[in-house]
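# A look at the structure
Each chain, written out:
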Amino acid sequence: MKAHAHSHDGPGPHTHGAVDPALLTAERGIWAVKWSLLVLAITAALQLVVVVFTGSVALLADTMHNLGDAGTAIPLWIAFRLAGRAPTRRFTYGLGRFEDLAGIAVVLTILVSAMLAGTHAIDRLLNPQPVEHLWAVAVAAIVGFVGNEMVARFRIRVGEEIASAALVADGQHARADALTSLAVLASVIGVWLGFPLADPLVGLAITIAILRIVWESGKTVLTRAADGVDPEVVSEIERELGDLPGIEQVTGVRVRWLGHRMLAEVSVAIDGKLTVTAGHEIAVEARHRLLHRLPYLSDSVVHVDPEECAGDEHHKVDAHAHDGLGPHGHC
């Protein structure tokens, strides 16, 4: 079914469909990535200047984290660009799935950051080193924290607005680096008070915090990559179509993520005595209601069955099972 234009409660027609909303959200994602990349690049550059003059290994590690965080913008940028492309005969659903791959890359980057932070902390614990010019290191740590926290809030907010798990995960990564900057500041205070082991001990604590972010972000990204959705989404679709005139029963709902939007495939039962044209009109109205009321959907496919022949049990014909596939057939 094609997207259709109509008007209500407004000055002119508007369209529901898979292309325009996805393009808008993809462009907003690219906008968020651009600005966060700029902020992180400036933050890392300022810290790098301090590293050159102080020789602080802890600050160098924090700077490398910030550079790595800026680097995660690259797969996100590519993913959002690809998501804006139209479907082709090879990629018939478009390229929204690349956002899931970008999300996995971001989570792996966070994991590498945690491993580097932990290794550095253990090395400092076994081989303590003096830190010079503590005031300069403290200022650079504060700059790192502020820059990363700004980027984290920005990415998470935009990611939640456009339902992008990859962008939210990248925001969590920036927050992890903000915590690393605070660890540098805490270590400076500890060294200043005469406790040189403060640096590696705080570093280990921050490593644990980063690993927790890896776990939480990884669950979200991998769930989406495996076509997992919140069960409430299925219930909401069933409720929206349950009272639509002409639909006797919603017999099946399948939902999957395509980037930061969802695709729904719905089976409904109607009066078997209706004409094909009448059944088609009911399906069109069902699709319109879903796309209009559930903005997280990029598109929906509505399959219509006669009421007396609806449900999966009427579509399973054992004689049609072959090649190791499940039973399939027609009423």
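Each remark here, short or long, concerns the structure printed above.
The structure reproduced in this document is the subject of the present report.

Reading guide: rules and limits
- Residues numbered from 1 in each chain as written.
- Predicted model: local features only at pLDDT ≥ 70, side-chain atom pairs only at ≥ 80, totals over all residues.
- Heavy atoms only, no water.
- Helix = DSSP H or I, 4+ residues; strand = E, 2+ residues; numbered from the N terminus.
- Buried < 20%, exposed > 50% of the residue type's maximum accessible area, 1.4 Å probe, protein only.
- Contact = heavy atoms within 4.5 Å.
- Areas by Shrake-Rupley, 256 points an atom, 1.4 Å probe, with all protein chains shown as cover.
- Salt bridge = Lys/Arg side-chain N within 4 Å of Asp/Glu carboxyl O.
- Pairing = 2+ DSSP bridges.
- Right-handed = clockwise from strand over helix to strand, strands pointing away.
- Phe/Tyr/Trp six-rings, centres within 6.5 Å; stacked < 30°, edge-to-face > 60°.
- Lys NZ or Arg CZ within 6 Å of the ring centre and 35° of its normal.
- Expected span 1.5 Å × (residues − 1).
- Patch = residues over 30% accessible without salt bridge, like charges linked within 9 Å, V, L, I, M, F, W, Y side chains within 5 Å.
- Core = buried A, V, L, I, M, F, W, Y, C linked by side-chain atoms within 4.5 Å.
- Axes fitted to C-alpha atoms, helices over the stretch in contact; angles between N-to-C directions.
- Arc of directions from axis to C-beta.

Moving on: the overall build of the chain. The number of helices and strands found in the chain is nine helices and five strands. The order of helices and strands in the chain, counted from the N terminus, is β-β-α-α-α-α-α-α-α-α-β-β-α-β. Per-residue burial for the chain yields a buried fraction of 44% across its 331 residues. Within the chain, contacts between residues at least 6 apart in sequence are counted, and of these 69% link residues at least 24 apart. Surface accessibility of the chain: about 17300 Å² in total, with carbon and sulfur atoms responsible for 64%.

Moving on: the environment of Gly 259. Note on placement: Gly 259 falls in the loop between strand S3 (249-258) and strand S4 (261-270). The class of Gly 259 is buried, set by a relative accessible area of 3%. When the C-alpha atoms of Gly 259 and Arg 97 are compared, they prove to be 5.2 Å apart, with 162 residues separating the residues in sequence. With residues near it in sequence (within four places) discarded, Gly 259 still touches Gly 96, Arg 97, Glu 99, Asp 100 and Arg 224.

What follows covers the pattern of salt bridges. Opposite charge on two side chains permits pairing when their charged atoms draw close. Summed over all chains, the structure comprises nine salt bridges. The salt bridge partner of Glu 149 is Arg 175, with a shortest N-O separation of 2.8 Å. Linking Glu 149 in helix H5 (residues 134-161) with Arg 175 in helix H6 (residues 165-192), this pair joins segments that are 26 residues apart in sequence. Taking the relative accessible area as the measure of exposure, Glu 149 reaches 13% and is therefore buried. Classification of Arg 175 as partly exposed rests on a relative accessible area of 27%. Because the salt bridges share partners, they merge into one network encompassing Arg 97, Asp 100, Asp 227 and Arg 256.

Attention now moves to the pairing of S4. Here is the key point about a regular strand: its side chains alternate between the two faces of the sheet. Among the 10 residues of S4, nine are classified as buried, and the element is accordingly described as predominantly covered. The sheet contact formed by S3 and S4 spans nine bridges and is antiparallel. Looking at the pairing, Gln 249 lines up with Ala 269 of S4. Looking at chain direction, S4 and strand S5 (residues 297-306) are connected through nine bridges and run parallel. If you follow Ile 270 over to S5, its bridge partner there is Pro 306. Of the crossover connections in this fold, the one passing from S4 over helix H9 (residues 276-293) to the parallel S5 is right-handed.

Now for the packing of aromatic side chains. What the rule picks out here adds up to zero aromatic pairs. Its end group placed over the ring of Trp 257, Arg 224 keeps NZ or CZ at 3.5 Å from the ring centre.

For the rest of this paragraph, the subject is H5. Relative to the 40 Å expected for 28 residues at 1.5 Å per residue, H5 spans 40 Å between its end C-alpha atoms, a close match to the ideal helical length. Positive backbone phi, at 60°, marks Ala 163, one or two positions downstream of H5.

Together, Ile 122, Leu 125, Leu 126, Phe 195, Leu 197 and Leu 201 make up a nonpolar patch on the protein surface, roughly 530 Å² of accessible area in all. When you line up the elements, Leu 197 lands in the loop between H6 and helix H7 (198-225).

Attention now moves to the nonpolar core. Counting 24 residues, the largest nonpolar core has Leu 76, Phe 80, Ile 110, Leu 167 and Ile 210 as the members making the most contacts within it. The set of elements that each furnish at least two residues to this core consists of helix H1 (19-54), helix H3 (73-83), helix H4 (98-126), H5, H6 and H7. Not counting chain neighbours up to four residues away, the residues in contact with Leu 167 comprise Ala 32, Val 33, Leu 76, Phe 80, Arg 155, Val 158, Gly 159 and Ile 162. The next biggest cluster of nonpolar side chains, apart from the first, holds 22 residues, and it includes Ile 247, Met 262, Val 266 and Leu 290.

So, on to the sheet that holds S3. Ordered by their spatial adjacency, three strands build an open sheet running S3-S4-S5, and the pairing between neighbours is mixed. Each edge of the open sheet is held by one strand with a lone partner, namely S3 and S5. Between one strand axis and the next, the sheet turns through 15° on average, direction left out of account. Across the face of the sheet, helix H8 (residues 231-242) comes into contact with S3 and S4 while running at roughly 135° to S3. Across the sheet, H9 touches S4 and S5, and the angle it forms with S5 is around 150°.

Turning to the side chain of Ser 300, a few remarks are in order. Within the secondary structure, Ser 300 is located in strand S5. The contacts of Ser 300, once residues within four sequence positions are left out, are Leu 263, Ala 264, Arg 287, Leu 290 and Leu 291.

Compared with an ideal rise of 1.5 Å per residue, which puts 12 residues at 16 Å, H8 spans 17 Å between its outermost C-alpha atoms and is within 8% of the ideal. Along H8, the positions that sit buried rather than exposed are Val 233, Ile 237, Glu 240 and Leu 241. Taken around the axis of H8, the buried residues stretch over an arc of 85°, which confines them to a single face. Across from the buried face of H8, at angles greater than 90 degrees, the exposed residues are Pro 231 and Arg 239.

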